[in-house]
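# An overview of the molecular structure
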Amino acid sequence: MAAKKSDLIPNMIETFKEFKETKNIDRTTLMSVLEHSFRSVIAKIFGSDENFDIIVNPDKGDLEIYRNRIVVNDGEVTDENKEISLSDAKKIEDDYEVGEEVSEEVNFEKFGRRNILTLRQTLASKILELEHDSLYNKYKDREGQVVSGEVYQMWKREVLVVDDEGNELILPKSEQIPADQYRKGETIRAVILKVDNENSNPKIILSRTSPIFLQRLLEAEVPEINDGLISIKGIARMPGERAKVAVESYDDRIDPVGACVGVKGSRVHGIVRELCNENIDVINYTSNIKLYIQRSLSPAHVSSINVNLEERKAEVYLKPEEVSLAIGRGGLNIKLASMLTGFTIDVFREIGEDEAEEDIYLDEFSDEIDQWVIDSIKRIGLDTAKAVLNADRDLLVEKADLEEDTVDDVLRILRAEFE
């Protein structure tokens, strides 16, 4: 049974109307795609689509196709697609004459079922392509912005989030704050980290661990940042645990740290909750490297600093009671300070003059400590017993790449020498 125009065309137009409403594709693009699809089928059937007019009205769900042919004398038709004999033209209207143009509507059912199916497949493919292009263009321009979405599905390696238009967004496990817990249907916020478009299949990747996410939250909470009076110069994060933010004011009357923290921490409280109680330290930025490193190690008070600009390394000396503050629990404070400043920071206890005089070179302990262990410690710049004892234990483990038990044995042997 032949396909009917009334069954096919409205279905296709309705498909485009629905697509336009849900995907925000402009009218011109819709009409162009629909016309192009029909013209490809017409060219396949008639050999050319040059003499066809296609009238599309997506709003009404209506489409008309007209073929234009020139009237020629009977027996002189050389191209039935572009020419029509006078006698056939008069069957349409009696007053046609040779040389005039006949515009005749083409019934869609004459296309044949196979061509109709091809047309449907072409349209479906083009709709999907437009949908992907629309999604990619929409989110590519929004990289670095915060978006809200509803948790739709949770897997081991990622969470599927759906925006208010039903678009799928991916929050990988690596971009989730460790303490994050999600429930289906709840609304979450994240920053658009990147938009991939492999094989014309857009993939929107979200992040809650990126420093940009914290930056956008601060911009939303602190009007002075949004107004350009305060600039965020750097952010270092250990997601869900602690973050350091360096800020600078372009107005001498504004205290950038105070403005960001707010009265009794009012401006950062909401951000801290959003980031699963991630503590946020705000410091004043300065171009003075030594002072910047000193501030980044807050709350510790630094006694002196030696900086190697070429190697981007800093040796920081502190009173014994300040060392643990500088390093922080699990080395968190010194790691964030290094991330924020871009310098490798080594922390040392200050040694008094009397202590320095009694010091002993490490090589003298070779009968009690394996030489390879001594060499490992010396490679990080510690040549004497007091230097090792005044260095932080965690620093010895990490920098010298030694086992904790080995470090403890070394410290025990060195302490015994001075007892």
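Quick look at the structure, then. (Residues numbered from 1 in each chain as written. Predicted model: local features only at pLDDT ≥ 70, side-chain atom pairs only at ≥ 80, totals over all residues. Heavy atoms only, no water.)

## Brief notes about the packing of helix H9 (residues 289–296) against helix H11 (residues 332–341)
At their nearest, the axes of H9 and H11 sit 9 Å apart, and the two run at 145° to each other. Two packed elements cross with a definite hand, and for H9 against H11 that hand is right-handed. Across the interface between the two elements, Tyr292, Ile293 and Ser296 from H9 touch Asn333, Ala337, Leu340 and Thr341 from H11. Here the contact of H9 with H11 is composed, by residue class, of 4 nonpolar, 3 polar and no charged. (Axes fitted to C-alpha atoms, helices over the stretch in contact; angles between N-to-C directions. Helix = DSSP H or I, 4+ residues; strand = E, 2+ residues; numbered from the N terminus. Left-handed = near helix turned anticlockwise from the far one by under 90°. Contact = heavy atoms within 4.5 Å. Nonpolar A, V, L, I, M, F, W, Y, C, P; charged D, E, K, R; others polar.)

## Considering the environment of Ile334
Here Ile334 is to be found in helix H11. For the pair Ile334 and Glu198, spaced 136 residues apart in the sequence, the C-alpha separation amounts to 39 Å.

## Considering the packing of aromatic side chains
Tallied over the full model, the rule gives 3 aromatic pairs. Geometrically, the ring pair formed by Phe46 and Phe52 is tilted, given 5.1 Å between the ring centres and 40° between the ring planes. Phe46 gets classed as partly exposed once you look at its relative accessible area, which sits at 27%. For the pair Tyr317 and Phe348, a centre-to-centre distance of 5.3 Å together with 25° between the ring planes defines the contact as stacked. A residue pair is termed long-range when its members are at least 10 positions apart, and Tyr317 in strand S14 (residues 313–318) and Phe348 in strand S15 (residues 344–349) qualify at 31 residues. Of note, Lys184 hangs over the ring of Tyr152, and the distance from its end group to the ring centre comes to 5.3 Å. When the ring centre of Tyr285 is taken as reference, the NZ or CZ atom of Lys233 above it lies at 5.3 Å. (Phe/Tyr/Trp six-rings, centres within 6.5 Å; stacked < 30°, edge-to-face > 60°. Buried < 20%, exposed > 50% of the residue type's maximum accessible area, 1.4 Å probe, protein only. Lys NZ or Arg CZ within 6 Å of the ring centre and 35° of its normal.)

## Observations regarding the packing of helix H10 (residues 320–327) against H11
Running from N to C, H10 and H11 cross one another at 65°; their axes reach a closest spacing of 5 Å. Here H11 runs roughly perpendicular to H10, going by the angle between their axes. Taken together, the residues of H11 that come into contact with H10 (itself represented by Leu325, Ala326 and Ile327) are Leu332, Asn333 and Ile334. Of the residues that constitute the contact of H10 with H11, the class distribution is 5 nonpolar, 1 polar and no charged. (Parallel < 35°, antiparallel > 145°, perpendicular 65-115°, else oblique.)

## Details of the pairing of strand S7 (residues 168–172)
Of all 5 residues that make up S7, 4 are buried, and the element is covered over most of its length. Here strand S6 (residues 158–162) runs beside S7; their pairing, made up of 5 bridges, is antiparallel. Bridge pairing links Glu158 to Pro172 in S7. Hairpin connection from S6 to S7: 5 residues lie between these consecutive antiparallel strands, with Gly166 at a positive phi of about 85°. Of the pairings in the sheet, the one linking S7 to strand S9 (residues 203–207) comprises 2 bridges and is parallel in character. Looking at the pairing, Ile170 lines up with Ile205 of S9. (Pairing = 2+ DSSP bridges.)

## Notes on the environment of Glu50
Take Glu50: it is sitting in the loop between helix H2 (27–46) and strand S1 (52–57). Separated by 18 residues in the primary sequence, Glu50 and Asn68 have C-alpha atoms spaced 9.1 Å apart. A distance of 3.4 Å separates a polar atom in the side chain of Glu50 from a polar atom in the side chain of Lys82. (Polar contact = N/O pair within 3.5 Å; in protein donor to acceptor, adjacent residues only side chain to side chain.)

## What about helix H13 (residues 371–378)?
All of the buried residues along H13 are Val373, Ile374, Ser376 and Ile377. Summarising the axial view, the buried residues of H13 lie within an arc of 160°, below the 170-degree limit, and thus occupy one face. Elements that come into contact with the buried residues of H13 comprise helix H14 (385–390) and helix H16 (404–418). (Arc of directions from axis to C-beta.)

## A short note on empty space enclosed by the protein
As enumerated under the stated definition, the model contains 1 cavity of 30 Å³ or more in all. Its boundaries defined by the atoms lining it, the largest cavity holds a volume of some 30 Å³. In this structure, the largest cavity is lined by Arg189, Leu217, Glu221, Gly270, Ile271 and Glu274. At the level of elements, helix H5 (211–221) and helix H8 (266–274) are the ones that each hand at least two residues to the lining of the largest cavity. (1 Å grid on protein atoms, 1.4 Å probe; cavity = no way out; pocket = protein on both sides within 12 Å on 5 of 7 lines; lining within 4 Å. Points joined across faces, edges and corners; volume = space filled by probe spheres on them.)

## Here's the deal with the sheet that holds strand S11 (residues 242–249)
Strand pairing in a sheet relies on backbone hydrogen bonds. The paired strands run either parallel or antiparallel. Taken in spatial order, the 3 strands make up an open sheet running S10-S11-S12, and their pairing is mixed. Each of the sheet's edge strands pairs with one partner strand only, and the pair in question is strand S10 (230–238) and strand S12 (279–284). Strand-to-strand twist of the sheet, defined as the mean angle between neighbouring strand axes without regard to direction, takes the value 20°. Two elements, S10 and S11, share 8 bridges in a ladder whose sense is antiparallel. Bridged to Ile235 within S11 is Val245. Running at roughly 155° to S12, H9 makes contact with S11 and S12 of the sheet.

## Looking at a negative patch on the surface
Taken together, the side chains of Glu93, Asp94, Asp95, Glu97 and Glu100 make up a negatively charged region of the molecular surface. Mapping Glu93 onto the fold places it in the loop between helix H3 (86–92) and strand S4 (101–105). For Glu93, a relative accessible area of 40% puts it in the partly exposed group. (Patch = residues over 30% accessible without salt bridge, like charges linked within 9 Å, V, L, I, M, F, W, Y side chains within 5 Å. Areas by Shrake-Rupley, 256 points an atom, 1.4 Å probe, with all protein chains shown as cover. Salt bridge = Lys/Arg side-chain N within 4 Å of Asp/Glu carboxyl O. Lys, Arg positive; Asp, Glu negative; His and termini not counted. Charge placed at Lys NZ, Arg CZ, Asp CG, Glu CD.)

## Let's talk about the layout of surface pockets
Vacant regions in the atomic arrangement are exposed by a probe of water-molecule size rolled over the atoms. Of the volumes computed, that of the largest pocket is approximately 250 Å³. What lines the largest pocket is a set of 17 residues, among which Lys313, Glu315, Asp346, Phe348 and Ile380 lie closest to the centre. Mapped onto the lining of the largest pocket, the elements with two or more residues apiece are strand S13 (304–308), S14, S15 and helix H15 (393–399). Among the residues making up the lining of the largest pocket, the classes are represented as 7 nonpolar, 4 polar and 6 charged. Of the volumes computed, that of the second largest pocket is approximately 210 Å³. What lines the second largest pocket is a set of 13 residues, and nearest its centre among them are Ile334, Lys335, Leu395, Glu398 and Lys399. Looking at the lining of the second largest pocket, the elements that each hand over two or more residues are H11, S15 and H15. Class assignment for the residues of the lining of the second largest pocket results in 4 nonpolar, 4 polar and 5 charged.

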